[in-house]
Amino acid sequence: MRYEKIRKFDVSNAPGVRTTLFVTGCTHNCPGCFNKDLQDFSAGKEWTSNEEDLFVSYVKNDNVVGVNILGGEPMQQVMDDCLPNLLKRIKEETGKNIWLWSGYLLEQILEDEKRRAILENIDILVDGRFDNEKRNINLKYRGSENQRVIDVQKTLKSNEVVLYEFDENV
């Protein structure tokens, strides 16, 4: 896996102070993509155990309430086990919630064993490709109206899509 940057403290992508990882590599090529530079699979730096340890240390900070995984396309990081291992470690060592953004629909992710392994350790999935014609800057945590904010664990338990309920006070 390769990544472009880590934000130790991020308040722009999900509720509260979070630690964010931007992975590189994406084949969706959505018109209007806000991270075009991260589509190249050879961009950025190689993810190593040192980066993983550093990232987890940031997540353990008492001010951090959770994790964001963006890209690029996190669900295309299936060439190795780096991302599933990181997510599992975050859950085991911190118990903090994990949000992930993907151009794939939940239904597509569930069809692929390696992508499902990533999904099983996240709490919230923002799914669907960015659609410039459905762009809406008033939406929380997503860029276009076709994208869903899904409570993954409730969805996996119920076998039907359960949308995340926003706390309007956050």
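Residues numbered from 1 in each chain as written. Predicted model: local features only at pLDDT ≥ 70, side-chain atom pairs only at ≥ 80, totals over all residues. Heavy atoms only, no water.

In this structure, the largest pocket encloses a volume near 660 Å³. Taken together, 32 residues make up the lining of the largest pocket; nearest its centre are Phe-34, Trp-101, Phe-130, Gly-143 and Gln-147. Classifying every residue of the lining of the largest pocket gives twelve nonpolar, 16 polar and four charged. (1 Å grid on protein atoms, 1.4 Å probe; cavity = no way out; pocket = protein on both sides within 12 Å on 5 of 7 lines; lining within 4 Å. Points joined across faces, edges and corners; volume = space filled by probe spheres on them. Nonpolar A, V, L, I, M, F, W, Y, C, P; charged D, E, K, R; others polar.)

This paragraph deals with the packing of aromatic side chains. Note on aromatic pairs: each is described by the distance of the centres and the angle between the planes. Under the definition given, this model contains five aromatic pairs. Look at Tyr-3 and Trp-47: their rings are 5.3 Å apart centre to centre, the planes differ by 90°, and that puts the pair in the edge-to-face class. Taken together, the residues span a long stretch of sequence, with Tyr-3 in strand E1 (residues 2-10) and Trp-47 in the loop between strand E3 (45-46) and helix H1 (49-59) at a distance of 44 residues. The same class applies to Tyr-3 as to Trp-47, namely buried. Ring geometry for Trp-99 versus Tyr-141: centroids 5.2 Å apart, planes at 80°, classification edge-to-face. In this pair, Trp-99 is assigned in strand E5 (residues 97-101) and Tyr-141 in the loop between strand E6 (124-127) and strand E7 (148-151), connecting sequence segments 42 residues apart. Note on Trp-99: relative accessible area 2%, which makes it buried. Ring pairing ties together the aromatic residues Trp-99, Trp-101, Tyr-141 and Tyr-164, which thus form one cluster. Residue placement shows Lys-5 over the ring face of Phe-22; its charged tip is 5.1 Å from the ring centre. (Phe/Tyr/Trp six-rings, centres within 6.5 Å; stacked < 30°, edge-to-face > 60°. Helix = DSSP H or I, 4+ residues; strand = E, 2+ residues; numbered from the N terminus. Buried < 20%, exposed > 50% of the residue type's maximum accessible area, 1.4 Å probe, protein only. Lys NZ or Arg CZ within 6 Å of the ring centre and 35° of its normal.)

A word on the pairing of strand E4 (residues 66-70). Counting buried positions along E4 yields five of five residues, so the element is predominantly enclosed. With five bridges joining them, strand E2 (residues 18-23) and E4 adopt parallel strand pairing. If you follow Phe-22 over to E4, its bridge partner there is Leu-70. Judged from the four bridges that link them, E4 and E5 form a sheet pairing that is parallel. From the neighbouring strand, Gly-66 faces E5, where its bridge partner is Asn-97. Regarding topology, helix H2 (residues 82-94) serves as the crossover connection from E4 to the parallel E5, and that connection is right-handed. (Pairing = 2+ DSSP bridges. Right-handed = clockwise from strand over helix to strand, strands pointing away.)

Turning our eyes to something else, we now look at the pattern of salt bridges. Using the criterion set out here, one finds eleven salt bridges in the structure. The closest approach of N and O atoms between Glu-52 and Arg-89, which form a salt bridge, is 3.1 Å. Of this pair, Glu-52 sits in helix H1 while Arg-89 sits in helix H2, and the two are 37 residues apart along the sequence. The pair formed by Glu-52 and Arg-89 is uniform in burial state, with each residue classed as buried. Between Arg-89 and Asp-53 there is a salt bridge, and its shortest N-O distance comes to 2.7 Å. You can see Arg-89 sitting in helix H2 and its partner Asp-53 sitting in helix H1, a full 36 residues away along the chain. (Salt bridge = Lys/Arg side-chain N within 4 Å of Asp/Glu carboxyl O.)

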